[in-house]
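# Descriptive analysis of the structure
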Amino acid sequence: MSEFAVGDTDFLLDGRPVRLLSGALHYFRVREEQWGHRLGMLRAMGLNCVETYVPWNLHEPRPGVFRDVQALGRFLDAAREAGLWAIVRPGPYICAEWENGGLPHWLTGRPRTRDEEYLRDVERWFHHLTHEIVPRQIDRGGPVLMVQVENEYGSYGSDQVYLRRLADVLRAEGVSVPLFTSDGPEDHMLSGGSVPGVLATVNFGSRAREAFEVLRRHRSEGPLMCMEFWCGWFDHWGGEHVVRDPGDAADALREILECGASVNLYMAHGGTNFAGWAGANRGGGALHEGPLEPDVTSYDYDAPLDELGRPTEKFWRFREILAGYAEGPLPDVPPAPAPLGAPAVVDLREWAPPDAVLEALGGAEAEYAVPPTFEEVDVDRGLVRYELTVPGPRGPYPLLLRGLRDLAVVYVDGAAAGVLTEDDCRLSEPVAGNARVEMWVESLGRVNYGPRSGEPKGITGGVLHERQYLHGVRARGLRLDAFDDGVGGVPFAGLPAGGARGLYRGTVEVRGAGDAFLDLPGWTRGFVWINGFNLGRYWSAGPQRSLYVPGPVLREGANEVWVLELQDSGGESAGPVPPVLRGPAPIGAHDAPVPIGTHDALPGSRGRG
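Residues numbered from 1 in each chain as written. Predicted model: local features only at pLDDT ≥ 70, side-chain atom pairs only at ≥ 80, totals over all residues. Heavy atoms only, no water.

## Describing the packing of helix α3 (residues 70-81) against helix α4 (residues 116-133)
Look at α3 against α4: their axes get within 8 Å of each other, and the N-to-C directions meet at 20°. In terms of orientation, α3 lies roughly parallel with respect to α4. Note that α3 runs across α4; the crossing there is right-handed. Residue-level contacts link Gln70, Leu72, Gly73 and Leu76 of α3 to Leu129, Glu132 and Ile133 of α4. Classifying every residue of the contact of α3 with α4 by side-chain character gives 4 nonpolar, 2 polar and 1 charged. (Axes fitted to C-alpha atoms, helices over the stretch in contact; angles between N-to-C directions. Helix = DSSP H or I, 4+ residues; strand = E, 2+ residues; numbered from the N terminus. Parallel < 35°, antiparallel > 145°, perpendicular 65-115°, else oblique. Left-handed = near helix turned anticlockwise from the far one by under 90°. Contact = heavy atoms within 4.5 Å. Nonpolar A, V, L, I, M, F, W, Y, C, P; charged D, E, K, R; others polar.)

## So, the packing of aromatic side chains
One pass over the full model with this rule turns up 29 aromatic pairs. On the basis of an interplanar angle of 20° and a centroid distance of 5.1 Å, the ring pair of tryptophan 233 and phenylalanine 234 is categorised as stacked. For the pair shown, tryptophan 233 and phenylalanine 234 are each scored as buried. Ring centres of phenylalanine 315 and tryptophan 316 lie 5.0 Å apart, and the angle between their planes is 85°; on these two criteria the pair is classed as edge-to-face. Classification of phenylalanine 315 by relative accessible area gives buried; the value is 0%. Residue tryptophan 316 is classed as partly exposed on the basis of its relative accessible area, which comes to 43%. Residue placement shows arginine 31 over the ring face of phenylalanine 533; its charged tip is 4.7 Å from the ring centre. One residue, arginine 525, lies across the ring of tryptophan 539, its end atom 5.8 Å from the ring centre. (Phe/Tyr/Trp six-rings, centres within 6.5 Å; stacked < 30°, edge-to-face > 60°. Buried < 20%, exposed > 50% of the residue type's maximum accessible area, 1.4 Å probe, protein only. Lys NZ or Arg CZ within 6 Å of the ring centre and 35° of its normal.)

## Here's the deal with the nonpolar core
If you look at the biggest cluster of nonpolar residues, it comprises 141 residues, and the most contacted ones within it are Met146, Phe212, Phe229, Phe318 and Val528. Considering each element in turn, this core owes the most residues, 7 residues, to α4. Of all hydrophobic cores here, the second largest spans 29 residues; its members include Ala352, Val357, Trp440 and Leu564. (Core = buried A, V, L, I, M, F, W, Y, C linked by side-chain atoms within 4.5 Å.)

## Examining the confidence of the model for the protein
In this model, the protein carries a mean pLDDT of 95, and residues with pLDDT of at least 70 account for 95%. The low-confidence segment residues 592-609 (pLDDT under 50) makes 63 contacts with residues lying over four places distant or belonging to another chain. (pLDDT = per-residue confidence, 0-100.)

## Some points on the packing of helix α1 (residues 35-45) against helix α9 (residues 313-323)
Their axes nearest at 8 Å, the elements α1 and α9 cross at an angle of 50°. When the axis of α1 is compared with that of α9, the two are oblique. The residues of α9 that touch α1, namely those facing Met41, Ala44 and Met45, are Phe315, Phe318, Arg319 and Leu322.

## Regarding the state of the cysteines
By definition, a disulfide links the sulfur atoms of two cysteines through a covalent bond. As enumerated under the stated definition, the model contains 0 disulfides in all. The structure places no disulfide on cysteine 95, whose sulfur is separated from the nearest cysteine sulfur, that of cysteine 226, by 15 Å. Taking the relative accessible area as the measure of exposure, cysteine 95 reaches 0% and is therefore buried. (Disulfide = S-S within 2.5 Å.)

Structure follows, in structure tokens:
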């Protein structure tokens, strides 16, 4: 057994100074069959530690219902087998460009405060979660060196009673390794997010000396550590693909190490937001009160290891620097996972309309005085169909979905009437009564950072006809996890004449199963499953044009494919264009059939978590 401690100037392992060279790798963004390869790549880059968040909402989808919390334990075991230490960041809030920052949609009370109603849920969660952490601490023969308290709390609040309560709960549950906090290198963030007696670390992408000077104003002693060195960045739907120059990132890493500090690369390997778990930001500057900016499915992050786990130029630049801090020669780079042997066209032969899918897989329908939120009908990821009647007789007036979050496909008396968004929530053509209105509302991801995190989804402000609220709203939700048990109960028929909304089913024949991408030319927006595994959201808005298909998802021969198109697939008479399964592009090439823009530098002070 070993002892890891926080010294006056250094981290100490059995009393000897040690520098942590860590990389972020989220077990929940990588297929379990691929953990070993990705961890081996971290070792080969010159890292001695891996860091991971833990998403509460993934593991407790409903109050008291826990789902595979043991995955964290298996990941920590894999880290130990790979020869890596581990840092665990259990939140309860994690940001991470993840749905709702990891907080469950069903929470009540005041999240991220001392509110007792909220803390009761946190304590129940931590009680289950710490069973995976405590026996794997370094003082019990495991890899876990440190555990984080909350996450960048100084960017959100200043409730020191809350932070101390979290630290006390972790200790009471058996966490004995050092605790720490991480915040931006600004005075108000460090004063709001730090806890007396708990190690404070900072997060940044450049100007290490300045950042550590700010930290030293708050903590005159203790090891220096950049807990998130942002060596890349993330993408939003409808935006440009963001990259960071490898040389610039390498220079920033070198500066951190020259300060004598430890570091955690965020991200070392980003992975993928499978199954619609991507979060969202809001623009609008420092207050993050602007338009919704939903995150894409890929979490490539322009990291040293690309979405497939392959080494990029940034990997080699970092490896060269990190080799100078290694105790011996670095391990050889593991071979890349096998790519798909040959491209293949998906043969889609069946289709079911949205109403039939909702009838088979949706929740119970109920009538409400006003439109319920997604939270009120227990939908985390997915959509809700709202129905109401415009009474009459009355003349045509504007119809407005007040407080729409995030996107609605609207039908009036069965005819398509428009696609509405938060910023454009009024139908272009007025509606006369009597009329039946259907509104299929989709969540594009809950905000994961800033003061508007936790905001509800759905039609949150009512439906207005002219200035009059409409009532008697019928609502029915469709959760994405309803597809986890298959679609055997969905009544499929032949393909529609055009590119209609709905669920398509078919197969793709695979020769040489391996890592691949799925192209969906002509499709608009929706989700794809292969062999029951949800690859995530596709959207013609870009910049992401293809979905990553991990090799372990595929099998030789026939593979079942479902495509849930939520708007239309662009066809008029011949039906949808068949999706294409293909091998990955060469390392360093972005998997998109059209050129996309880049940024040469990261955004400034803060925008994620």
